[in-house]
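# Residue-level structure breakdown
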Amino acid sequence: MPIDAAEPPTASISNEHIAAQLYLPDARSGFYRGTRFDWSGVIYSLRFAGHEYYGPWFTKTNPRVHDFVYEGADIVAGPCSAITGPVNEFKPVGWDDATPGGTFVKIGIGALRKPNARPYDNYHLYEIADPGKWTVEKKADAIEFTHTLTDSSSGIGYVYRKNVELVSGTPQMLLRHTLKNTGTRTIETTVYNHNFLVLNHRHTGAGFAITLPFQIHSPKPPNSRLAEIRGNQIVYLNTLMGHDTVATPIQGFTGDLNDNRFRIENSAVGVGMSAHTNCPLAEESLWSIRSVIAVEPFIAISIAPGGEFAWTTTYDYFKLPRK
């Protein structure tokens, strides 16, 4: 990521229970200028009841790093992975049809240049051929981001809106999305939220439990020394240290909308959070290292020219009952 003397643009929103701070999209001095994640709604702090839920899961960045690496006590992230909070990543649109030198699209980023015939690599920093146009409208308790792109060479165009809203009178956040296809070809993609949870900057470990609405199955269960699947829960057993990783694909869900929700609690801290998206799950996975827990629910999107697709994710932040 290029070094820029300018401070990244930010904004703050709040309600009676939550205070959140966000980085704003900016091609010259924005905090995130990678080509993996949607640039809108990058939350770098959310505080509820004196607890911090988000923030960097890495300690340094380096433009030469592909994804992330460990360097002694540091976790060093590359330019496409160095982001925070509940952020979206869309599957590229038009990659297979693009020839080397042609363009494909990442929603929330722009039209990117395909450099060669190698497979798509979401950690690679692609050239942005057309960044599209961003507009941002801010209120005291909400921010709406709009990204407009028309890539005539690929036939892909869209208007993408993302509204980050703190619901009045409750410790709840809504991420409302709409995606309108303004191009000449169908938009076929998937999107997931990486949900980088960094609770009070604590090490991931015993005290954390993830609860899902269904009985969890996995072809690759997590390291049994560190965590285990117990029915509809994934329970951490020991503190993750060094290069420890707890990661597993999550299966067992159906087409029931209720399955697209999860709950993370920490009994030692006494707080938790839950998230629910109003679309069926297409796939789901868990990834965590010592500094972060990320539950990743995917949904599928197909929009014909002129059509529109909308989805909302509801986040609730809460205290656990005292025992």
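Residues numbered from 1 in each chain as written. Predicted model: local features only at pLDDT ≥ 70, side-chain atom pairs only at ≥ 80, totals over all residues. Heavy atoms only, no water.

## Comments concerning the overall build of the chain
Regarding its fold elements, the chain presents zero helices and 25 strands. Its C-alpha radius of gyration of 19 Å places the chain within 12% of the 20 Å reference for a compact globule of 323 residues. Each of the three principal axes of the chain carries a C-alpha extent, and together these read 60 × 45 × 45 Å. Put simply, the chain has 29 plus and 31 minus side-chain charges, and the middle of one group is 3 Å from the middle of the other. (Helix = DSSP H or I, 4+ residues; strand = E, 2+ residues; numbered from the N terminus. Rg over C-alpha atoms; globule rule 2.2 N^0.38 Å. Lys, Arg positive; Asp, Glu negative; His and termini not counted. Charge placed at Lys NZ, Arg CZ, Asp CG, Glu CD.)

## Quick look at the sheet that holds strand β2 (residues 18–23)
Overall, antiparallel pairing links the four strands, which are arranged β1-β2-β3-β4 in an open sheet. Lying at the two open borders of the sheet, with one neighbouring strand each, are β1 (10–14) and β4 (51–52). Pairing analysis gives two bridges linking strand β3 (residues 42–48) to β4, with the strands arranged antiparallel. Residue Arg47 lies in a different strand from β4, and its bridge partner there is Glu52. (Pairing = 2+ DSSP bridges.)

## Observations concerning empty space enclosed by the protein
Where empty space is left in the structure can be found by rolling a water-sized probe over the atoms. Applying the stated criterion across every chain yields a total of two cavities of 30 Å³ or more. Size it by volume and the largest cavity reaches roughly 130 Å³. Forming the walls of the largest cavity are 16 residues, and the residues nearest its centre are Tyr192, Asn193, Thr277, Pro297 and Thr313. Residues that form the lining of the largest cavity fall into these classes: nine nonpolar, seven polar and no charged. Its boundaries defined by the atoms lining it, the second largest cavity holds a volume of some 40 Å³. Every residue lining the second largest cavity is listed: Leu197, Val198, Leu199, Arg202, Thr204, Phe208, Ser291, Val292 and Ile293. (1 Å grid on protein atoms, 1.4 Å probe; cavity = no way out; pocket = protein on both sides within 12 Å on 5 of 7 lines; lining within 4 Å. Points joined across faces, edges and corners; volume = space filled by probe spheres on them. Nonpolar A, V, L, I, M, F, W, Y, C, P; charged D, E, K, R; others polar.)

## Focus on the nonpolar core
Counting residues in hydrophobic clusters, the biggest one holds 72 residues, and the most contacted among them are Tyr53, Trp57 and Tyr317. With residues near it in sequence (within four places) discarded, Trp57 still touches Phe68, Ile75, Ala77, Ser81, Ile83, Phe196, Val198, Trp287, Ile289, Ser291 and Val292. Ranked by size, the runner-up nonpolar core spans 18 residues in total, among them Phe90, Ala111, Ile156 and Tyr160. (Core = buried A, V, L, I, M, F, W, Y, C linked by side-chain atoms within 4.5 Å. Buried < 20%, exposed > 50% of the residue type's maximum accessible area, 1.4 Å probe, protein only. Contact = heavy atoms within 4.5 Å.)

## Notes on the pairing of strand β9 (residues 103–106)
Alternating positions in β9 separate into two faces, Thr103 and Val105 on one and Phe104 and Lys106 on the other, with burial throughout. Between the antiparallel neighbours β9 and strand β10 (residues 110–113) lie three residues, among them Gly108 with a positive phi of about 85°.

## Brief notes about the packing of aromatic side chains
Working definition: an aromatic ring pair is given by the centre-to-centre distance plus the angle between the planes. Enumeration according to the criterion identifies 24 aromatic pairs in this entry. Consider the rings of Tyr54 and Tyr317, whose centres lie 6.5 Å apart with planes at 85°: the pair is edge-to-face. With Tyr54 in the loop between β4 and β5 (60–61) and Tyr317 in strand β25 (residues 308–319), this pair connects stretches of sequence that are 263 residues apart. Accessibility expressed as a relative area gives 2% for Tyr54, which makes it buried. Residue classification places Tyr317 among the buried positions, given a relative accessible area of 2%. (Phe/Tyr/Trp six-rings, centres within 6.5 Å; stacked < 30°, edge-to-face > 60°.)

## Observations regarding unusual backbone geometry
Phi is mostly negative for residues that are not glycine, and the peptide bonds are mostly trans. Positive phi, close to 55°, is recorded for Ala49, a residue that is not glycine. Assignment of secondary structure puts Ala49 in the loop between β3 and β4. Assessed through its relative accessible area of 39%, Ala49 is described here as partly exposed. Even without a glycine there, the phi angle at Asn200 is positive, about 55°. Along the chain, the position of Asn200 falls in the loop between β16 (187–193) and β17 (208–211). Relative accessible area serves as the criterion here: at 28%, Asn200 is assigned to the partly exposed category.

Geometric values such as these leave the question of function open.
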